[in-house]
Amino acid sequence: MNKRTIFIILLSVIFVALTIMKLLSNKEKAAAKIYIHDMDAAVLVEAVNPEVHTFESAFNYLGTFEPYRQNLIGSDASGKVIKINVEEGDRITQGQVIAKVDDDLLQLQLESAEVNIEGQKKDDERYSNLEKNNAVPGVQIEKTKLGLKAAEIQRKQIQKQLKSTTLTAPFSGVITKKMIDLGSVIGPGSPLVEITDISTLKLTVSVPERDILKFKTGQSVPVKVDIFGDKTFEGKVSSVAVVADRSHNFKVQITVKNSNEEIRAGMYGNVSLSNSSSVTALSIPRKALVGSSKKPHVFVIRNGKAVLTSFTSGTSDGEYVEVVSGLSKNDQIVVKGQVNLENNSKVKTSK
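Rules used in this analysis
- Residues numbered from 1 in each chain as written.
- Predicted model: local features only at pLDDT ≥ 70, side-chain atom pairs only at ≥ 80, totals over all residues.
- Heavy atoms only, no water.
- Pairing = 2+ DSSP bridges.
- Helix = DSSP H or I, 4+ residues; strand = E, 2+ residues; numbered from the N terminus.
- Axes fitted to C-alpha atoms, helices over the stretch in contact; angles between N-to-C directions.
- Polar contact = N/O pair within 3.5 Å; in protein donor to acceptor, adjacent residues only side chain to side chain.
- Core = buried A, V, L, I, M, F, W, Y, C linked by side-chain atoms within 4.5 Å.
- Buried < 20%, exposed > 50% of the residue type's maximum accessible area, 1.4 Å probe, protein only.
- Contact = heavy atoms within 4.5 Å.

A.B. asks: I'd love a proper account of the sheet that holds strand β16 (residues 297–302), names of residues and values included.
C.D. replies: The strands making up a sheet associate through backbone hydrogen bonding, with each pair oriented either parallel or antiparallel. Strand order in the closed barrel made by the 5 strands is β1-β20-β16-β17-β21, with mixed pairing throughout. Averaged over all pairs of adjacent strands, the angle between strand axes in this sheet comes to 60°, irrespective of strand direction. When strand β1 (residues 43–48) meets strand β21 (residues 345–349), the two strands line up parallel, connected through 3 bridges. Of the residues in β21, the one forming a bridge with Val43 is Val347.

Encoded structure:
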């Protein structure tokens, strides 16, 4: 190896080394500029202790609106989807065609069944004429008639299969999920779409034992929706639980007509009933609630951490929710800053 070759190799090694050093330097500078959240840093929150609150004569019971009907629509047919008439978000009416499955093979089977029936009818006619002259035994006539009946039954089966290749909506609503695409191969029971009907909504509230006798099936009750303020909707009690839960609360279901679809499934609602006497009980601010009012949770500060805790709620008004069980007056309940919290997040309270 001559000196020139050695010199070129040394220059190449030095160039590569300098390039690697430059890249590492740039990486360190870029990493220094990236903000990395400190998972051990405490989140600033505002907390209060549960307090005794007096609920006046008009009691509110919290709940969450649910669709009247929400079903996954399955298929009775099998084959390739050759036509789809809906997309997510489309409104659909009862009987409207959702999709069409390839039925060419079934059409051919139906034609074959028709030909078979025609042949059986001619045989039946021919043997019937021969029977009059005692030219054929009676057993042959019986077999021909049974063969005709079997062919007609087969035709009905194929016609039913053909009908099932046109997939229609069993009730009116909105397509909230679509599980098939053009060309999808489906089988009996395959889910096609989810239809949600919110023309009527169900509001399920949890009622304490002391108030359950105020509710009767068929009773009309005023219903309010949080986002609509004081606007009142007419509700009707559709069912009252006959068995209480462990906290001696009863589930009461109320149906609300929603013809204009102002109310959406998942919204908070409350039922208001008047009472001759007020109730004084341990309560927390309503703004402390996390998640659904059917299974209410709050963040409780314990040992410097926010612990997601469930509790049983009772009566409520616009600002406070009664605590039936699950919380004590010494608990610190987070009322501001929950959006930044996860279970067991470190927290510090504002002074």
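A.B. asks: Outline the side chain of Thr196, listing residues and values.
C.D. replies: Relative to the helices and strands, Thr196 resides in strand β10 (residues 191–208). One polar contact links Thr196 to Thr176, side chain to side chain, over a distance of 2.9 Å.

A.B. asks: Which residues make up the nonpolar core, and what values go with them?
C.D. replies: Counting residues in hydrophobic clusters, the biggest one holds 27 residues, and the most contacted among them are Phe65 and Ile254. If you list the elements that add at least two residues to this core, you get β3 (58–74), β10, β11 (220–225), β12 (232–240), β13 (249–257), β14 (268–274) and β15 (279–285). Among the elements that line this core, the one with the most residues is β10, at 5 residues. The residues contacting Ile254, other than those within four sequence positions of it, are Leu201, Lys202, Leu203, Val205, Val221, Val223, Gly235, Lys236, Val237, Ser238 and Val271. Formed by 16 residues, the second largest nonpolar core is a distinct cluster that contains Ile73, Val81, Leu192 and Val193.

A.B. asks: Describe the sheet that holds strand β9 (residues 185–186), with residues and values.
C.D. replies: If you walk across this open sheet you meet the 4 strands as β7-β6-β4-β9, and the pairing is antiparallel. Every other strand in the sheet has two partners, leaving β7 (166–168) and β9 as the edge strands with one partner each. For strand β6 (residues 97–101) and β7, the ladder comprises 3 bridges, and the chain directions are antiparallel. Residue pairing in the sheet places Lys100 in a bridge with Thr166 of β7.

A.B. asks: Tell me about the environment of Leu62, residues and numbers included.
C.D. replies: Structurally, Leu62 is set in strand β3. Residues Leu62 and Val271, 209 residues apart in the sequence, show an inter-C-alpha distance of 6.8 Å.

A.B. asks: Run through the side chain of Thr165, naming residues and quoting values.
C.D. replies: Of note, Thr165 is situated in the loop between α3 (138–164) and β7. By relative accessible area, which is 2% here, Thr165 ends up buried.

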